[in-house]
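Residues per chain are reported as follows:
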Amino acid sequence: EKAHKVLKDLPARNLISWNALIEGYTKEGKDHEALNCFEEMQREGLAPDAVTFTCILKSCGKIRAIAKGEQIHEDIMARGLLTKDIVLGNALVDMYGKCGQLGKARKLLEELPDKDTCSWNALIAEYAQRGQGEEALDCFGNMQKENLFPDAVTFVCIMKACGVTRDVEKGKQIHEMVLSREMVEKDIVLGNALVHMYAKCGAPERAARVLDELHVRDIISWNALIGGYAQQGQGHRALEFFQRMQSEGLSPDVVTYTCILKACGTIGDIDKGKQIHEEIGSKGLLKKSEKLLTTAVVDMYAKCGMVGKALQILQEFPLRDLICWNALIAGFAQQGLASEALTCFKLIQSEGFFPDTVTLTCILMACGFARDFDKGQQIHEEIVRRGFLHHDAMMGNALIDMYVKCGMLGKAEEVIKELPLQNVVSWSTLIAGYVNLNQSHN
């Protein structure tokens, strides 16, 4: 703002002055102000150059201003700037990627007269960030065909892609490439990415070996490993590494506590869970509107069978959302406490929340336990009305299971025939229902 005032007071302003200001706003994350300066500069009759365009494309990407980005792209093409500036081409690819236009980003990249590692990194990073691991790996292959050498950024992004696709074999290949270049010793971010990749691929023991070999470890390294064990249901190992982390003098953060609470819930370790809850409370973390942590505490108590305590914590939390309620409803449903789950379902609706697929799947489980056919049928109608069955195989399975538990096998068979996505679980549930029916008749 001070720089902007100085610029306004200058008797003569030029492109260099405006570029300095626009770049400052972009770096500070004040992207709307950067765009306003861009417009103001043009109103003064100054034509933007490659530096201006590079900065303003970065702002367009961050605020998803795709229409403005496309307009700037046309302006750049009209001036023939792409043939002279590889940095500008990279900025365009990055802008389209951040705006979610990955098809356009890739087409543009393939048409660029000059490409470098940064060009590919921009696209690979966006594919990995959006969970499109296969596409990221494909781009990585194309980059290598062009004899461009991956750098640390490339490797971090491609390891994220391996984690997304659970491609542990590809991950091992990338690991070997990184080791052959002796990059891990110099880059903690790369080391953390390796730990995270193995943890996501369901290979936490490999992740643990990588962590042990790191010259420098930080809280992110440990969180990736602890989270990996918790995700795999290996709660005891997660707790073991939680202790080791603290013995190295590192203090747990919100992510650590969230992972370790999940581990406690998985193995039903209520004593450790209570201890973690008290520790979090003593640090004042639950009073800082931390929804993620509150949800983890609720989920831990629910999974450990202390659903009353879970409900009490949730009702005391002023910023509870649907995710918090889902954790509680899932806990009630898994404990077979159907009436409590259905009561919570009414409460979330009275608070103005719309149930999502997780809520409805859990409520179907509760209806099955309670043999509440009427309520189950109402939920079925809601699911059909919102078109959820076309996108969620787990919900279809839950619906069949509910009808089977209610003894409505004909209805369950109707549902399975109408499912766009049928799987072994759907059929197994129905077959088991008919077997149990025959056994009860005999």
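Cut-offs applied
- Residues numbered from 1 in each chain as written.
- Predicted model: local features only at pLDDT ≥ 70, side-chain atom pairs only at ≥ 80, totals over all residues.
- Heavy atoms only, no water.
- Helix = DSSP H or I, 4+ residues; strand = E, 2+ residues; numbered from the N terminus.
- Buried < 20%, exposed > 50% of the residue type's maximum accessible area, 1.4 Å probe, protein only.
- Areas by Shrake-Rupley, 256 points an atom, 1.4 Å probe, with all protein chains shown as cover.
- Lys, Arg positive; Asp, Glu negative; His and termini not counted.
- Charge placed at Lys NZ, Arg CZ, Asp CG, Glu CD.
- Axes fitted to C-alpha atoms, helices over the stretch in contact; angles between N-to-C directions.
- Parallel < 35°, antiparallel > 145°, perpendicular 65-115°, else oblique.
- Left-handed = near helix turned anticlockwise from the far one by under 90°.
- Contact = heavy atoms within 4.5 Å.
- Phe/Tyr/Trp six-rings, centres within 6.5 Å; stacked < 30°, edge-to-face > 60°.
- Lys NZ or Arg CZ within 6 Å of the ring centre and 35° of its normal.
- Salt bridge = Lys/Arg side-chain N within 4 Å of Asp/Glu carboxyl O.
- Expected span 1.5 Å × (residues − 1).
- Polar contact = N/O pair within 3.5 Å; in protein donor to acceptor, adjacent residues only side chain to side chain.
- Core = buried A, V, L, I, M, F, W, Y, C linked by side-chain atoms within 4.5 Å.

S.K.: So what exactly am I meant to see when it comes to the overall build of the chain here?
M.R.: A count of helices and strands for the chain gives 26 helices and 0 strands. Principal-axis analysis of the C-alpha atoms gives the chain an extent of 90 × 50 × 50 Å. A buried classification covers 47% of the 442 residues belonging to the chain. Accessible surface, the chain as shown: approximately 21,400 Å² in total, 53% of it carbon and sulfur. For the chain, the distance from the average site of its 50 positive side-chain charges to the average site of its 58 negative ones is 2 Å.

S.K.: Honestly, the packing of helix H12 (residues 188-200) against helix H13 (residues 204-213) in this entry has me stumped. Any pointers?
M.R.: Between two packed helices, what matters for the description is the angle formed by their axes and the separation of those axes. Close contact between H12 and H13 brings their axes to 7 Å; oriented N to C, the two are set at 165 degrees. As summarised for this structure, H12 and H13 are arranged roughly antiparallel, according to the angle between their axes. When the axes of H12 and H13 are compared, the crossing they make is left-handed. Of the residues in H13, those touching H12 at Gly 191, Leu 194, Val 195, Tyr 198 and Ala 199 are Pro 204, Arg 206, Ala 207, Val 210 and Leu 211.

S.K.: Explanation requested: the packing of aromatic side chains in the structure shown.
M.R.: Between two aromatic rings, the relevant description is the distance of the centres plus the angle of the planes. If you walk through the whole model with that rule in mind, you get 5 aromatic pairs. Both rings, one in Tyr 229 and one in Phe 241, keep their centres 5.4 Å apart while their planes meet at 10 degrees; by these two values the pair is stacked. Linking Tyr 229 in helix H14 (residues 219-231) with Phe 241 in helix H15 (residues 235-247), this pair joins segments that are 12 residues apart in sequence. There is no split in this pair, since Tyr 229 and Phe 241 are both buried. A connected cluster of aromatic rings, assembled from ring pairs, spans Trp 222, Tyr 229 and Phe 241. Between Lys 405 and the ring centre of Phe 369, over which it is positioned, the NZ or CZ distance is 5.7 Å.

S.K.: Which parts of the structure should I look at to understand the environment of Ser 428?
M.R.: With respect to the helices and strands, the residue Ser 428 is situated in helix H26 (residues 424-441). Separated by 123 residues in the primary sequence, Ser 428 and Gly 305 place their C-alpha atoms 28 Å from one another.

S.K.: Explain the pattern of salt bridges to me, please; I cannot follow it from the model alone.
M.R.: Opposite charge on two side chains lets them pair, provided their charged atoms get close. Applying the stated criterion across every chain yields a total of 29 salt bridges. Between Arg 237 and Glu 205 there is a salt bridge, and its shortest N-O distance comes to 2.9 Å. Placement of the pair is Arg 237 in helix H15 and Glu 205 in helix H13, with a sequence separation of 32 residues. Residue Glu 205 is classed as partly exposed on the basis of its relative accessible area, which comes to 36%. Where Arg 237 meets Glu 240, a salt bridge forms, and the shortest distance between an N and an O atom there is 2.8 Å.

S.K.: It is not clear to me how unusual backbone geometry should be interpreted in this structure. Could you clarify?
M.R.: Keep in mind that most residues, glycine aside, have a negative phi and that most peptide bonds are trans. In the Ramachandran plot, Arg 64 falls in the positive-phi region, its phi being about 55 degrees despite a non-glycine side chain. Looking at where Arg 64 falls in the secondary structure, it is placed in the loop between helix H4 (50-62) and helix H5 (66-78). A positive phi angle is found at Glu 182, which is not glycine, with a value near 55 degrees. Locating Glu 182 in the fold gives a position in the loop between helix H11 (168-180) and H12.

S.K.: What exactly am I supposed to notice about H4 here?
M.R.: Its 13 residues place the ends of H4 19 Å apart at the C-alpha level, agreeing with the 18 Å of an ideal helix rising 1.5 Å per residue. Listed in full, the buried residues belonging to H4 are Ala 50, Thr 52, Phe 53, Cys 55, Ile 56, Leu 57, Ser 59, Cys 60 and Gly 61. Taken together, the buried residues of H4 touch helix H2 (15-27), helix H3 (31-43), H5 and helix H6 (86-98). The residue sitting at the N-terminus of H4 and contributing the capping side-chain oxygen is Asp 49; that oxygen lies 3.1 Å from the backbone nitrogen of Val 51. Two residues or fewer after H4 comes Arg 64, characterised by a positive phi angle close to 55 degrees.

S.K.: I tried to follow H3 on my own but got confused; where do I start?
M.R.: Residues spaced three or four apart along an α-helix point in a common direction, a consequence of the helix completing one turn every 3.6 residues. Relative to the 18 Å expected for 13 residues at 1.5 Å per residue, H3 spans 19 Å between its end C-alpha atoms, a close match to the ideal helical length. Among the residues making up H3, those that are buried are Asp 31, Ala 34, Leu 35, Cys 37, Phe 38, Glu 40 and Met 41. Within two residues after H3, Gly 45 carries a phi angle of roughly 90 degrees, on the positive side.

S.K.: Is there a simple way to think about the nonpolar core in this case?
M.R.: Proteins that are soluble and globular tend to have nonpolar side chains buried together. With 143 residues, the main nonpolar core has Ile 76, Ile 124, Phe 155, Ile 158, Ile 226 and Ile 280 as its most contacted residues. Excluding residues that lie within four positions of it along the chain, Ile 158 makes contacts with Ile 124, Ala 136, Leu 137, Phe 140 and Ile 174.

S.K.: Would you take a moment to explain the side chain of Thr 154 for this structure?
M.R.: For Thr 154, the position within the fold is in helix H10 (residues 152-165). There is a polar contact of 2.8 Å between the side chain of Thr 154 and the side chain of Asp 151. The contact partners of Thr 154, leaving out residues within four places of it in the chain, are Thr 117, Asn 121, Ile 124, Phe 140 and Met 143.

These figures capture arrangement, not role.
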